[in-house]
Amino acid sequence: MSDDEAARAFNELSPSERLAALGVIVPDAPRPAASYVGHVISGALIYTAGQLPLLDGRLLAEGLVGDGVDMTSAARCARQCAINVLAQVPAAGHRMEDVRRIVKLTVYVASAAGFTEQHLVANGASELFGEVFGEIGSHARSAVGVAALPLNSPVEIEAVIEVGHR
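Report on the accompanying structure.

1. What about the pairing of strand β9 (residues 155-163)?
(1) Moving on: For β9, the tally of buried residues reaches seven of nine residues, placing the bulk of the element in the interior.
(2) Moving on: Relative to β9, strand β2 (residues 45-48) is paired through three bridges, and the arrangement is antiparallel. The partner of Ile46 across the bridge, within β9, is Ile161.

2. Brief notes about helix α3 (residues 71-91)
For an α-helix, 3.6 residues make a turn, and residues three or four places apart therefore share a direction.
(1) Moving on: In a regular helix each residue adds 1.5 Å, so 21 residues correspond to 30 Å; α3 covers 30 Å between its end C-alpha atoms and thus fits that length.
(2) Moving on: Structurally, the start of α3 carries an N-cap: the backbone nitrogen of Thr72 is 3.2 Å from a side-chain oxygen of Asp70.
(3) Moving on: In the stretch just after α3, Gly93 is the one whose phi turns positive, near 90°.

3. Here's the deal with the pairing of strand β1 (residues 39-42)
(1) Moving on: Sheet topology places β1 next to β2; four bridges connect them, and they run antiparallel. Within β2, the residue paired with Ile41 across the bridge is Ile46.
(2) Moving on: As consecutive antiparallel partners, β1 and β2 are separated by two residues, and within that stretch Gly43 has a phi angle of approximately 65°, a positive value.

4. Some words on the side chain of Gln118
(1) Moving on: If you trace the backbone, Gln118 turns up in helix α4 (residues 118-133).
(2) Moving on: Looking at Gln118, its side chain comes within polar contact range of the side chain of Ser111, at 3.0 Å.
(3) Moving on: Excluding residues within four positions of it along the chain, Gln118 makes contact with Val109, Ser111, Ala143, Val144 and Gly145.

5. Observations concerning α4
(1) Moving on: The terminal C-alpha atoms of α4, which comprises 16 residues, lie 23 Å apart, in line with the 22 Å expected from a rise of 1.5 Å per residue.
(2) Moving on: At Gly124, α4 shows its maximal bend, which comes to roughly 35°.
(3) Moving on: Residues of α4 that are buried make contact with α2 (15-21), β5 (64-65), α3, β7 (99-110), β8 (140-146) and β9.
(4) Moving on: Positioned one or two residues after α4, Gly134 has a phi angle of 65°, which is positive.

6. Quick look at unusual backbone geometry
(1) Moving on: Its identity as a non-glycine residue notwithstanding, Asp56 has a phi of 55°, on the positive side.
(2) Moving on: In this fold, Asp56 is placed in the loop between β3 (54-55) and β4 (58-59).
(3) Moving on: Of note, Leu151 is a non-glycine position whose phi angle comes to about 60°, a positive value.
(4) Moving on: On the secondary structure map, Leu151 appears in the loop between β8 and β9.
(5) Moving on: Judged by its relative accessible area of 57%, Leu151 falls in the exposed class.

Criteria and cut-off values
Residues numbered from 1 in each chain as written. Predicted model: local features only at pLDDT ≥ 70, side-chain atom pairs only at ≥ 80, totals over all residues. Heavy atoms only, no water. Buried < 20%, exposed > 50% of the residue type's maximum accessible area, 1.4 Å probe, protein only. Helix = DSSP H or I, 4+ residues; strand = E, 2+ residues; numbered from the N terminus. Pairing = 2+ DSSP bridges. Expected span 1.5 Å × (residues − 1). Polar contact = N/O pair within 3.5 Å; in protein donor to acceptor, adjacent residues only side chain to side chain. Contact = heavy atoms within 4.5 Å. Bend = angle between axes of the 7 residues up to and from the residue.

As far as function goes, none of this settles anything; it's purely spatial.
So, in structure tokens, the structure goes:
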């Protein structure tokens, strides 16, 4: 199969099939770490709580980006946060195929003094949404540098996701 044929075949897959083809396993939604819920539904929108880069209950990295956490690790953390954002879709009673649009991401990056590449860290999440959802994965985004995040996480992401009603 040529590269063009492979790309066409991939583009014909559903979001769930694309996740599988990418080797991404969407976990059960992480449990909130304090007094809040993982998501709220308002109309056709799912608003997620901030999601940390937890994998099997552990952070992928800890500390500040630019001082102990390198860009590659930070982008990998953002990708894991995005996977945990996706876990909120079935927790809200929807399928990945119900997603009509990834509307907005807010990406918080625990940043060392002088670190100004939060937007590049955020690409770890944005690129995953593009791979899984194509055009409807394109979204508005804010990438914000902060002094610290819960549990010493280097990245936290919240999202607004539009879903279709079943």
